[in-house]
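# Inside the fold
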Number of protein chains: 2
Amino acid sequence: MTRNPRSSRPAVTTNVVVFTLRDDKLKLLLVRRRSDPYKGMWALPGGYVEADEDLDDSAMRALEDSTGVAGVYLEQLYTFGAPDRDPRGRSISVAYYALVPSEKLQLRTASDSEAIGWFALDELEPLAFDHNEMVHVAHQRLAAKLAYSTIALQFMPQKFTLSELQKVYERILNEKLDKRNFRKRVLALDQIDQTQEVRRNGSHRPARLYSVRNPGEVQIIR
Amino acid sequence: MTRNPRSSRPAVTTNVVVFTLRDDKLKLLLVRRRSDPYKGMWALPGGYVEADEDLDDSAMRALEDSTGVAGVYLEQLYTFGAPDRDPRGRSISVAYYALVPSEKLQLRTASDSEAIGWFALDELEPLAFDHNEMVHVAHQRLAAKLAYSTIALQFMPQKFTLSELQKVYERILNEKLDKRNFRKRVLALDQIDQTQEVRRNGSHRPARLYSVRNPGEVQIIR
DNA sequence: GCAAAAGTGTTCCAGATACACCCATGT
DNA sequence: ACATGGGTGTATCTGGAACACTTTTGC
């Protein structure tokens, strides 16, 4: 294993699949490309890995640059490196996924006049590069993790109702869940606390508000 | 997102954590480094990603070059990219793990006079680079996959006994399993077939031999 | 009073666990 | 005959799934 020449090195980037729940749908954050290749198409936020930057930091920075959001759950997903994935030349992308609670969405569209926005996962158009594949893998991973971790809590704001939490599960798994079984299950996790507050939300009984006991922590269960 | 200069690009490598079961222990394949850095220390097999090579192919090639073994189970694990992980300069390694059945072990140590060998996972010395960490992550992933996939069958040769299969589980999970419950469970997977043969193996009752129904396939269960 | 979402328990089933003895062979 | 690993069944426990009615509010 000898040192390879710089001339043959691939470019290394990170991309982030940012999920949130909004308008009762699972959505993700896309950026419109301002230059070729794929100029004008929507793509995942991302960027080149800086000289002295850890991969996680690079992904976090890509996310912050496009959204202004920091401190959200971020996890490495998979590394994509098909030789033809970038028409400009050899490129490797370390893909991440992130979960942001609906409250933190303070998109700073104005900042660099980039067009960015939230798109429903189930009405996604073709994206730049291999980004559709990244989205697919991220969604799969997220759905799998619901079953054996407390990752869904990363979507929740400080105070939330159990119905809202159930919606998160239902939208990610794409199936309706039983209300009683669901409540039993999430309360048994011992990771959310009832508060004294309720939320009045329409012409029906107010909903009790809950809070996450250890925000930022994701536990493996079962 | 503009094209970054070649001068700042990291080197990209793959490394492979190759597991097998041998001498009743979970072992992995290591190569002794012939040059600095970490000259003389043991390291995971690996190499630079070639100009027109897919990441999977690169890992497979690294494995073949060191062992002569091909066609084994290989899966991407995680990408390691701490800025200081290689003292020579910025480097990113896409780590894989591989499972080889004990029969396929035809190490061609002679081929390029590299020192290579199998080492018990639980008596591992400090390795070069961040390779101990890679091993740790690979072992964790492997143990987790036992619970929800048929991945353990990738360790088995064409014909094997249920006791041998049980040993695979026990060595990976590091715990003893109940013989009757184990057999019930693996037979219920409907992925292994009884053969008409038995193996005479010592001064005791011969063991029935089984074969994997779909070798090469790993199914997700539960 | 009625529409609409919030809240609440019990029964049933399947899969996991715990557990002990006989079998076939080599020496 | 005895030592050694191979092979087998049942009772129990536990977590998941199915399922319907009452409560509180706004209008």
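Up top is the structure.
Since we're looking at a predicted model, the values are computed, not measured.

## Points about the relation of the copies chain B and chain A
Superposing chain B onto chain A requires a rotation of 180 degrees together with a translation of 0.0 Å along the rotation axis, leaving an RMSD of 0.0 Å. What we have between these two chains is a two-fold relation. Most of the interface of chain B is mirrored in chain A: 97% of its interface residues are interface residues there too.

## Here we look at the protein's contact with DNA strand C
Close to DNA strand C lie 22 residues; A:Ser163, A:Lys179, A:His204, A:Arg208 and B:Ser203 are nearest. In DNA strand C, atoms within 4 Å of the protein come from the sugar-phosphate backbone in 41% of cases. At a separation of 3.4 Å, a sugar or linking oxygen of DNA strand C approaches a polar backbone atom of A:Pro206. Residue assignment for the surface near DNA strand C shows that the elements contributing at least two residues are helix H4 (179-188) and strand S9 (207-212) of chain A together with helix H4 (179-188) of chain B.

## Points about the interface of chain B and chain A
At the interface, 38 residues of chain B touch 37 residues of chain A. Here chain B packs against chain A, burying approximately 3,200 Å² in sum over the two surfaces, 51% of which is carbon and sulfur. In this structure, the connection of chain B to chain A is made through 0 salt bridges. Summed over the shared surface of chain B and chain A, the result is 10 residue pairs in polar contact (both at pLDDT 80 or more).

## Structural notes on the pattern of salt bridges
Residue and element names in this part refer to chain A. With the rule as written, the count across this model stands at 28 salt bridges over all chains. Between Arg85 and Asp130 there is a salt bridge, and its shortest N-O distance comes to 2.7 Å. Here Asp130 lies in the loop between strand S7 (116-120) and helix H2 (131-148) and Arg85 lies in the loop between strand S5 (73-80) and strand S6 (91-99), a separation of 45 residues in the sequence. Exposure remark for Arg85: the relative accessible area of 7% places this residue in the buried category. When its relative accessible area of 13% is taken as the criterion, Asp130 is described as buried. Each of Glu50, Glu53, Arg61 and Asp65 takes part in salt bridges that share partners, so that together they form one network.

Basis of the calculations
Here the residue numbers are simple positions, counted from 1 along each chain's written sequence. Whichever chain is written first becomes A and whichever ligand is written first becomes 1, with later ones labelled in order. Selection of residues for local features in this predicted model requires a pLDDT of at least 70, selection of side-chain atom pairs for listing and counting requires 80 or more, and totals for whole chains, interfaces and linings are taken over all residues. Excluding hydrogens and water, the side-chain figures rest on all heavy atoms present in the structure. A least-squares superposition brings the copies together, and it is based on the C-alpha atoms of residues with pLDDT no lower than 70 in both. Contact between two residues is taken to exist if any of their heavy atoms lie within 4.5 Å; hydrogens are not considered. The nearness test applies per residue and asks whether one of its heavy atoms lies within 4 Å of the molecule or strand. Polar contacts here mean pairs of N or O atoms no more than 3.5 Å apart (in protein, one a potential hydrogen donor and the other a potential acceptor; neighbouring residues in sequence count only if both atoms are side-chain atoms). Helical segments are the DSSP runs of H or I of at least four residues, strand segments are the runs of E of at least two, and each set is numbered from the N terminus. Using a 1.4 Å probe, buried area is obtained as the accessible area two parts lose upon being combined, added over both of them. Any Lys or Arg side-chain nitrogen located within 4 Å of an Asp or Glu carboxyl oxygen qualifies as a salt bridge. Exposure is judged per residue with a 1.4 Å probe applied to protein chains only, and the accessible area is read against the type maximum: over 50% gives exposed, under 20% gives buried, and values in between give partly exposed.

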